[in-house]
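# Report on the structure
Here is what each chain is made of, one letter per residue.
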Protein chains: 4
Amino acid sequence: MTTTVLLTGFEPFNQQPINPAWEAVRALEGWAEQGIVLHVRQLPCVFGQAADVLREALDVIRPDVVIAVGQAGGRADITVERIAINIDDAPIADNRAVQLVDEPIVPGGPAAYFATLPIKAIVHALRAAGLPASVSQTAGTFVCNHVFYQLMHMLREQPAVRAGFIHIPFLPQQAARQPVPTASMALVDMVEALKIAVRTACAVAGDLREAGGGTH
Amino acid sequence: MTTTVLLTGFEPFNQQPINPAWEAVRALEGWAEQGIVLHVRQLPCVFGQAADVLREALDVIRPDVVIAVGQAGGRADITVERIAINIDDAPIADNRAVQLVDEPIVPGGPAAYFATLPIKAIVHALRAAGLPASVSQTAGTFVCNHVFYQLMHMLREQPAVRAGFIHIPFLPQQAARQPVPTASMALVDMVEALKIAVRTACAVAGDLREAGGGTH
Amino acid sequence: MTTTVLLTGFEPFNQQPINPAWEAVRALEGWAEQGIVLHVRQLPCVFGQAADVLREALDVIRPDVVIAVGQAGGRADITVERIAINIDDAPIADNRAVQLVDEPIVPGGPAAYFATLPIKAIVHALRAAGLPASVSQTAGTFVCNHVFYQLMHMLREQPAVRAGFIHIPFLPQQAARQPVPTASMALVDMVEALKIAVRTACAVAGDLREAGGGTH
Amino acid sequence: MTTTVLLTGFEPFNQQPINPAWEAVRALEGWAEQGIVLHVRQLPCVFGQAADVLREALDVIRPDVVIAVGQAGGRADITVERIAINIDDAPIADNRAVQLVDEPIVPGGPAAYFATLPIKAIVHALRAAGLPASVSQTAGTFVCNHVFYQLMHMLREQPAVRAGFIHIPFLPQQAARQPVPTASMALVDMVEALKIAVRTACAVAGDLREAGGGTH
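Only a predicted model underlies this, so the values are computations on that prediction, with no experimental measurement involved.

### Examining the interface of chain A and chain D
Taken together, the contact pairs 17 residues of chain A with 17 residues of chain D. Carbon and sulfur atoms supply 63% of the area that chain A and chain D bury against each other, a total of about 1300 Å² over both sides. A per-residue breakdown of the area chain A buries against chain D is headed by Pro132, Ala176 and Pro181 of chain A, which together make up 31% of the total. Here chain A and chain D share 0 salt bridges between them. On inspection of chain A and its partner chain D, the count reaches 2 residue pairs in polar contact (both at pLDDT 80 or more).

Structure below.
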């Protein structure tokens, strides 16, 4: 039996020449592993349009597992997102120069969706492989969260599909251009982390019960 | 016309001898201002029980505005929370030595509730008064978020009641006992911040449209 | 017997409208305490000129204790500096628009001077009073370090004079204008901290032996 | 003409099973490049003893360039140290369970020594190669600073020898075991960074004049 997987990564944004999410995702194009068929797609960093590209990919590919990947510049580890919230509140403009403030992503939609990926199992597997990782309680309120929310909304009637969002740090060459010391991760480790996340999402039936929350 | 306000603060937790939330809230007991009647309550830092005390307070006081206040040790500013999520995932034990992991707060309840406080207007007013403040996209997954979610759930049929959650930093005397340099805020500034939050919540009809989000 | 104390604080710099160092220092003008006579001076945030004003103050006042105070925007606690180093390497321009890079402060001078204040005793006393404080291993390479080095150099033949440098955080109203959450401290706590530092510097013969270092 | 280079790295300390400094240094054992002869040595993480091993290596190898490398757990980038200070003030015990507090490293020695490596040129070259790096104004007060100070003291009469200290972050597998998200760097990037540092130290006559300081 084959599990069909869709991985998405964003185009560069916020004046960065590259986006580690897309670099890591596209490095997995053509990756083959027993029982896993992987498809990759690049998403524009544009409110609305990103969701349109995602929707079309879902329609065409009909995946069993979907992991959207985005850049979290400044974070130190791989963060597996727990929840997507129904709000666009952009601290910067998107790639079409639109800066939405406090607009619902889906008017009348639920306030939030939880990821249906086994987020604790993925964090556990990443750490076991020597890759720093943690659960994140917020995917922000920009295009990453927008796509994450839209993804879960599109799949709301398909509970069997496991879907969610993973944030990754800057690449070293991005951190090297920051004005203050900034965390980064090597591309090869990001790619390995995505492989582990895909394998874990394909393999486990339910999630682990391990603490992964925050006091605030 | 009078606006009835309920402010809650937690008892100390996690080995701290005091909780700045309760210190700041109880300092406002008996505070009188034209058109505002203020009630304060202490909540136990215990899953479930905290919500019970809150429910009883809501039944007795029937407030127009509710602000629950909690300690966010390590945060540098007053953070006005945007959203409560339906999960208990405790990184530490509560004051009854219970450490819930990935339990829904309200089984079958919505994934999240947005605060109905004018969160942007409160942040704006705090900054205008020289008090550092920002919107927070996560209240964590411990007893603070638990109470925040329960509060919004209890009030889900009463949209006219404005309710939400504010996190405050350590007091200086708490930061002075931390092993590494840690941010803090003076009690007098916390108390002033809560006054401003209450006044703003009572005064404004709708919220401001100001960016207050994060890219991640 | 009377101890004569000189406290200095800088004028505002780097586009800040106020400097907490000067606000805290000038609040102590006229402060009287048994056995302590306190003088205060404002220093310009200008390489060279700051040292000239300091030199004149030392000549006129002939203090037994000197504490120069500066703003460390972003630090969370009161930091008592351990060492001044013989280099100007400015990340920003000073108030005369000069940005020195890798110039010795005193050509041919020693690489560094240790503070002669009882730095551990001051940190201990501050924490005991509930004020967050720590030893800092670097005063930077801008005008603060410049004045600190010049101060110790001017006093190199007067080992009986206790001298050093204390960095203080932003005031809340400064932190409220920062683009990201930033630590701050109330003016009243800064003033109290300086009183404690002065009292401790006047009172103790030798320093405490308490760990205050860093692994890196 | 050949430049003889000595690279040192510490054994693990503070309950870490490995030390990235030694892992990176030993990966360069046998590395050959036109005009460079490289020697590597492991140093014990023990006050005094570390300096003894270093002294013997200097006597035997008679290097033209010395770079001591140490772990700075928590730092996000490669940090090239500017200055070593004459104090041992250990926040933790060394590997012989000794915790020195405020002891001079060399009684009667100068307060500090500046590195004689071209620190700005090294940082510039690292960033140009896409590796995050910055100048650090403090190497701490533990065994890293101890070795750095001793190194510069041993070479005080040999100004032609270029010497200094570089701190490197945790490896990913170390960060993966930390209780909170912590920065790390891939071993391959650390090794590349050390190669670049060695090449730069061998190649440049004087240092670059680029700002690399801090306001505090």
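### So, the relation of the copies chain A and chain B
Least-squares fitting of chain A to chain B yields an RMSD of 0.0 Å, with the superposition described by an axial translation of 0.0 Å and a rotation of 180 degrees. Such a combination of rotation and displacement between the chain copies is what one expects of a two-fold axis. Closest to the rotation axis within chain A is the C-alpha of Ala112 of chain A, separated from it by 2.7 Å.

### So, the relation of the copies chain A and chain D
Expressed as a screw transformation, the operator carrying chain A onto chain D has a rotation angle of 180 degrees and an axial translation of 0.0 Å, and the superposed copies differ by an RMSD of 0.0 Å. Most of the interface of chain A is mirrored in chain D: 100% of its interface residues are interface residues there too.

### Quick notes on the layout of surface pockets
All names here are of chain B. Computed from the structure, the second largest pocket encloses a volume of approximately 450 Å³. Lining the second largest pocket are 18 residues, with Arg82, Phe114, Ala115, Thr116 and Leu117 positioned closest to its centre. For the lining of the second largest pocket, a count of residues per class yields 11 nonpolar, 2 polar and 5 charged.

### Some thoughts on the pattern of salt bridges
This model, assessed by the stated rule, comprises 36 salt bridges over all chains. Among the salt bridges present, the one from Glu33 of chain A reaches Arg199 of chain A, with a minimum N-O distance of 2.6 Å. Within this pair, whereas Glu33 of chain A is found in strand β2 (residues 32-33), its partner Arg199 of chain A is found in helix α6 (residues 187-203), the two being separated by 166 residues in sequence. The partly exposed category is assigned to Glu33 of chain A, whose relative accessible area is 26%. In this structure, the salt-bridge partner of Glu81 of chain C is Arg75 of chain C, at a minimum N-O distance of 2.8 Å. Note on Glu81 of chain C: relative accessible area 0%, which makes it buried. Take Arg75 of chain C: its relative accessible area is 15%, and that puts it in the buried class.

The rules behind the values
Residues numbered from 1 in each chain as written. Chains lettered and ligands numbered in written order. Predicted model: local features only at pLDDT ≥ 70, side-chain atom pairs only at ≥ 80, totals over all residues. Heavy atoms only, no water. Contact = heavy atoms within 4.5 Å. Buried area = accessible area lost by both parts, 1.4 Å probe. Salt bridge = Lys/Arg side-chain N within 4 Å of Asp/Glu carboxyl O. Polar contact = N/O pair within 3.5 Å; in protein donor to acceptor, adjacent residues only side chain to side chain. Least-squares fit on C-alpha atoms with pLDDT ≥ 70 in both. 1 Å grid on protein atoms, 1.4 Å probe; cavity = no way out; pocket = protein on both sides within 12 Å on 5 of 7 lines; lining within 4 Å. Points joined across faces, edges and corners; volume = space filled by probe spheres on them. Nonpolar A, V, L, I, M, F, W, Y, C, P; charged D, E, K, R; others polar. Helix = DSSP H or I, 4+ residues; strand = E, 2+ residues; numbered from the N terminus. Buried < 20%, exposed > 50% of the residue type's maximum accessible area, 1.4 Å probe, protein only.

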